Amino acid sequence: MKIAKFGGTSVGSPEAISAIIRILKDKDHAGKTPVVVISAFSGVTDTLIGLARSAAVTGAAAYRNAASTGGVSYHELLALLEGQHKKTAARFLKGADRKAALDEINGLTDELKRILEGLNLLGELSSRTLDLVMSFGERLSARLVARIFRANGIDTDYLDTRTLIKATDRYGNAQCIQKETYANIVSFFEKKKKMPLQLATGFIASTVGGQTVTLGRGGSDLTAAIFGAALGADEVEIWTDVDGIHTADPKLVKNAFKIDEMLYTEAMEISHFGAKVLFPLTIKPALEKGIPISIRNTFNPAGGGTRVVSKAEEGEFPIRGISSISKISLLRIQGPGMVGVAGFSARVFGALARRGISVILITQSSSEYSICFAVMPHESGMAKTALEEEFEQEIRSGNIDKPVVENDLSIIAVVGSKMKSTSGISGKFFQSLGRNGINVVAIAQGSSEINISAVIPKQDEAKALNAVHEAFFHATVRSVNLFLMGTGLIGGTLLEQIASHRKTLADKDKIRINLIGAANVDRMVFCREGFDPKKAKALLNGEEKAEDQNRGKAGAEVTAEPLSLNGFVDKMISFNLPNACFCDCTANESIAAAYGKILAASIPVVTPNKRANSGSLEYYRQLTGYSKERRIPYLYETTVCAGLPVISTLRDLNLSGDRVRRIEAVLSGTLSFIFNNFDGKKTFSALVREAKAKGYTEPDPRDDLNAMDAARKALILARECGMSLEFANVDIEPILPPACFKAKTVDAFFTELEKTDAAFEKRRAAAAAKGMSLRYVAVVEEGAAKLAIRPEPANSPFRTLVDSDNIVVITTDRYSKLPMVIKGPGAGAQVTAGGVFADIVRIARTLV
């Protein structure tokens, strides 16, 4: 025997009703389903609530209320409601059946109209009357669908459950009076040995005195469980529009997947904390009788669904699922008058109980100094008043502070029976929140150890769900949601590298790089679900239209707009995605100035841009300090020597207790090429022309020959060694005379440069006479940084350089006799972009 319940979306359209008919006629249900519980048509209950509230507004206020709802009065809403049901009747019924159905709809809507007119005259809406108004949703749908079933060959009677299910008079959330209800149901079904299928109204019941009450939103699930328990059914089926209970809300977590089986206790916890496919109180009657509950999809009957049972397989994951309550308020009461006082908690929760306020979560400090608890936002004001009245005397005397209410909060909970036998669950849960900058306001865990709950800011709910879900269910797969600023030579090459390697990275190393946003000098492009890095430049250049990329899926829309630095950063922060990463592939000082704001939003920064770390010492310390304190990665390996592991090596030396005594380095690829080849065969100016022709210099070579870029790198190395230097403290020996820099054009510069060839040749020849060659070397030592041209002997590591290679020679306490040498290409799009890519992957590796 099966009891089936079909929710509002399952009767929300003619196609959905047709699907129900097919299900009830299949071999698993035909002749085995004595009761089918049905909800109001999709959206009707909300419409009825709006009708009642609109009707209760009188006079001038009624006109204002109509204006606020687009000018729709309660009369018009009622007509729409009536039309919706008549349209369904016309779709399925003909002749006398249709006429009878329309008469029933007219009768019910006339009754509803009289109630609404009474509300309009009184100008007020009681919870008792609201329950009566809401009951019309199920009464309309069940009567109509019963006729539709009969017309389609299913012998069916309409059953108004108010005649059988008795409940308390707590309007809006009445509690079933179990003994009397079960007796009524058993007696009803014992009267006839062969009875047509009973199409029962969900959600509604009546008091002992006969007043209509509702069992709470989602109460139709409970109606089905009550019938199942009373009749001793083998299974209760809850048919909805999803394939079952998922590991998280699939609307918020795209990687959520269906749970095949779970325990009653797990289902109780996960539905209590917001899993909307199952009404929490449904589980109690089924649990008491040991009846399995199946959550199934009306539109995918073959999908299997989720079974809720007394004994379930543990499963491969340490938790069963994650759930959340989107909107809650947290109340806190504290003060020295609470410490050691017996019965204080009883007074707190007694005061709330007397007001009928349900408490969602409770936590108390071990010192007994404070208690905080969560309630639904609409009950927070009443809860605060209840506490103020209960503890009026203590508050007046100063022994207890006034209750404090915090709004705009959510609860996220991880649930699973396996948690009590698995260590490290709490650590992983809170680490995933903390790593993503999600502040935990309150924590609760029951002694059963099948639930850990955290109160967090509401704005972080989706971010928290995704972060925690990835930590527990996709621990071997790490993702980075990337926002890229700059798609020039370095950024463009980075996009090419990501596009060509990301499949291998995902398949082999289980690392996913999702490009969420990108910007060039003119435009910026975003897509919450990520877009193809191969198309990023075309989208930014306007060669492809953003609207052509849109896939019609919520969150998957690609948008393009003019670039605004603040707009880019603000949008990235507003997306509030877990595992986000900002990558700056520009040399822009304004963008570097935004790093502080980005890190403060708990978004890691990866950059080859030297401006931030070679700017003011205060800003450098702010960024690196914030990164260390909050554990938000700030990675800038490529600011010095492109992809060579210089910064990370210095950091590792320092962390392992070594002390850097001296750094000597050639830090400019341009200057390296010029001096490596300055052997007397070509003049100095000819080598500069050659470097420009090979693309080793900026369009104006003076931007390299002023040594500013090398000086910034030297300053970064000095700061990484703990030296408190400003850029003005770096001693830079000019390579060129002032006349070269005063030249108004590049051609004029080369004319001036040729005048220095003799001086450069004289200096080179003098060094060569001693068996030496000239190099432009940066030296960081004893709290100072200096860059100068100096002669190097034949055995110098600087003489081994070729082409445009960089070299860094590090002398430490451990590497004193034989210094550490790091050498290789220190410039170029491929190696720099590769270094940036490596830092992005490093971000992913920190997500374990």
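Above this text you will find the structure in question.
The present account deals with the structure reproduced in this document. All values derive from a computational prediction rather than experimental measurement.

**A closer look at the sheet that holds strand E21 (residues 580-584)**
Consider a sheet: its strands pair through backbone hydrogen bonds, and that pairing is either parallel or antiparallel.
Then, number 1: The mixed open sheet is built from seven strands, whose spatial order is E20-E19-E18-E17-E21-E22-E23. Only two strands of the sheet have a single neighbouring strand rather than two, namely strand E20 (559-562) and strand E23 (634-635).
Then, number 2: Bridge count for strand E22 (residues 605-606) against E23 is two bridges, and the pairing is parallel. Bridge assignment links Val 606 to a residue of E23, and that residue is Leu 635.
Then, number 3: Along the sheet, helix H31 (residues 829-845) contacts strand E17 (478-485), strand E18 (511-519), E21, E22 and E23; its crossing angle with E17, the most-contacted strand, is approximately 140 degrees.

**Section: the environment of Glu 138**
Then, number 1: Looking at the secondary structure, you find Glu 138 in helix H6 (residues 127-151).
Then, number 2: Judged by its relative accessible area of 3%, Glu 138 is buried.
Then, number 3: Glu 138 sits 82 residues away from Ser 220 along the chain, and the two C-alpha atoms are 9.3 Å apart.
Then, number 4: Those residues in contact with Glu 138 that sit more than four places away from it in its chain are Ile 38, Ser 39, Ala 40, Thr 45, Thr 201, Gly 202, Phe 203 and Ser 220.
Then, number 5: In terms of polar contacts, Glu 138 uses its side chain to reach the backbone amide nitrogen of Ala 40, at 3.0 Å.

**Focus: the pattern of salt bridges**
Then, number 1: Taken as a whole and assessed by the stated rule, the structure comprises 42 salt bridges.
Then, number 2: For Lys 2, the salt bridge is made with Glu 235, and the minimal N-O distance between the two is 3.9 Å. Of this pair, Lys 2 sits in strand E1 (residues 2-6) while Glu 235 sits in strand E7 (residues 235-240), placing them 233 residues apart in sequence.
Then, number 3: Judged by its relative accessible area of 15%, Lys 2 falls in the buried class.
Then, number 4: Classification of Glu 235 as buried rests on a relative accessible area of 12%.
Then, number 5: Residue Arg 396 pairs with Glu 392 through a salt bridge whose shortest N-O separation is 3.0 Å. Of this pair, Arg 396 and Glu 392 both sit in helix H13 (residues 392-397), four residues apart, which is roughly one turn of that helix.
Then, number 6: With a relative accessible area of 61%, Arg 396 lands in the exposed category.

**What to know about the nonpolar core**
Then, number 1: Within the largest apolar cluster, 80 residues are counted, with the highest numbers of intra-cluster contacts made by Phe 483, Phe 582, Tyr 595, Leu 667 and Phe 684.
Then, number 2: Discounting chain neighbours no more than four positions away, the residues touching Tyr 595 are Phe 582, Asp 584, Val 605, Thr 607, Asn 609, Ala 612, Tyr 619, Leu 623 and Tyr 634.
Then, number 3: Core analysis: the next-biggest nonpolar cluster, separate from the first, contains 48 residues, Phe 6, Ile 21, Ala 40 and Met 134 among them.

**Details of the packing of aromatic side chains**
Then, number 1: As enumerated under the stated definition, the model contains 21 aromatic pairs in all.
Then, number 2: Members of the aromatic cluster, joined through ring pairs, are Phe 483, Phe 526, Phe 568, Phe 575, Phe 582, Tyr 595, Tyr 634 and Tyr 636.
Then, number 3: Residue placement shows Arg 528 over the ring face of Phe 575; its charged tip is 4.9 Å from the ring centre.
Then, number 4: The ring of Phe 750 has Arg 689 lying over it, and the distance from NZ or CZ to the ring centre is 4.1 Å.

**Describing the packing of helix H2 (residues 44-55) against H6**
Then, number 1: For the pair H2 and H6, the least separation of the axes is 9 Å and the interaxial angle reads 145 degrees. Seen along the crossing, H2 lies across H6 with a hand that is right-handed. Side by side, H2 and H6 meet where Val 44, Thr 45, Leu 48, Ile 49 and Ala 52 of the first sit next to Leu 130, Val 133, Met 134, Phe 136, Gly 137 and Glu 138 of the second.
Then, number 2: A class-by-class count of the residues in the contact of H2 with H6 yields eight nonpolar, two polar and one charged.

**Re the side chain of Glu 470**
Then, number 1: Looking at the element boundaries, Glu 470 is found in helix H15 (residues 461-473).
Then, number 2: Summary of buried charges: Glu 470 has no salt-bridge partner, and the nearest side chain of opposite charge, Arg 512, is 4.2 Å away.
Then, number 3: Beyond its immediate chain neighbours, meaning those up to four positions away, Glu 470 contacts Ala 475, Val 477, Arg 478, Ser 479, Arg 512 and Asn 579.

Analysis parameters
Numbering of residues starts from 1 in each chain and follows the order in which that chain's sequence is written. In keeping with the predicted nature of the model, local features appear solely for residues at pLDDT of at least 70, side-chain atom pairs appear and are counted solely at 80 or more, and the whole-chain, interface and lining totals rest on all residues. Computation of side-chain values covers all heavy atoms of the structure but excludes hydrogens and water. In short, DSSP must find at least two bridges between two strands for them to pair. Each helix is a run of H or I in the DSSP string that is no shorter than four residues. Each strand is a run of E no shorter than two, and both are numbered from the N terminus. Contacts are residue-level and defined by heavy atoms, with any inter-residue pair within 4.5 Å sufficient. To get an axis, fit a line to the C-alpha atoms, keeping to the stretch in contact for a helix; angles then go from 0 to 180 degrees between the N-to-C directions. Classification of residues uses two cut-offs on accessible area relative to the type maximum, computed with a 1.4 Å probe and protein chains only: under 20% is buried, over 50% is exposed, and between them is partly exposed. Polar contact is defined as a pair of N or O atoms within 3.5 Å, subject to the rule that within protein one atom must be able to donate a hydrogen and the other to accept it, and that residues adjacent in sequence are counted only when both atoms are side-chain atoms. In the sections that follow, a salt bridge refers to a side-chain nitrogen of Lys or Arg positioned within 4 Å of a carboxyl oxygen of Asp or Glu. Buried Ala, Val, Leu, Ile, Met, Phe, Trp, Tyr and Cys residues that are joined via side-chain atoms within 4.5 Å together make up what is termed a nonpolar core. Only Phe, Tyr and Trp rings take part, Trp by its six-membered ring, and two of them pair if their centres are within 6.5 Å. Stacked means planes under 30 degrees apart, edge-to-face means over 60, and tilted covers everything else. By the criterion adopted, a ring carries a charge over it if an Arg CZ or a Lys NZ lies within 6 Å of its centre and within 35 degrees of its normal. Each crossing gets its hand from how the near helix is turned against the far one by less than a right angle, where anticlockwise is left-handed and clockwise is right-handed. Charged residues are taken to be Asp, Glu, Lys and Arg, nonpolar residues to be Ala, Val, Leu, Ile, Met, Phe, Trp, Tyr, Cys and Pro, and polar residues to be all remaining types, Gly included. By the counting rule applied here, Lys and Arg register as positive and Asp and Glu as negative, while His and the ends of each chain are not counted.

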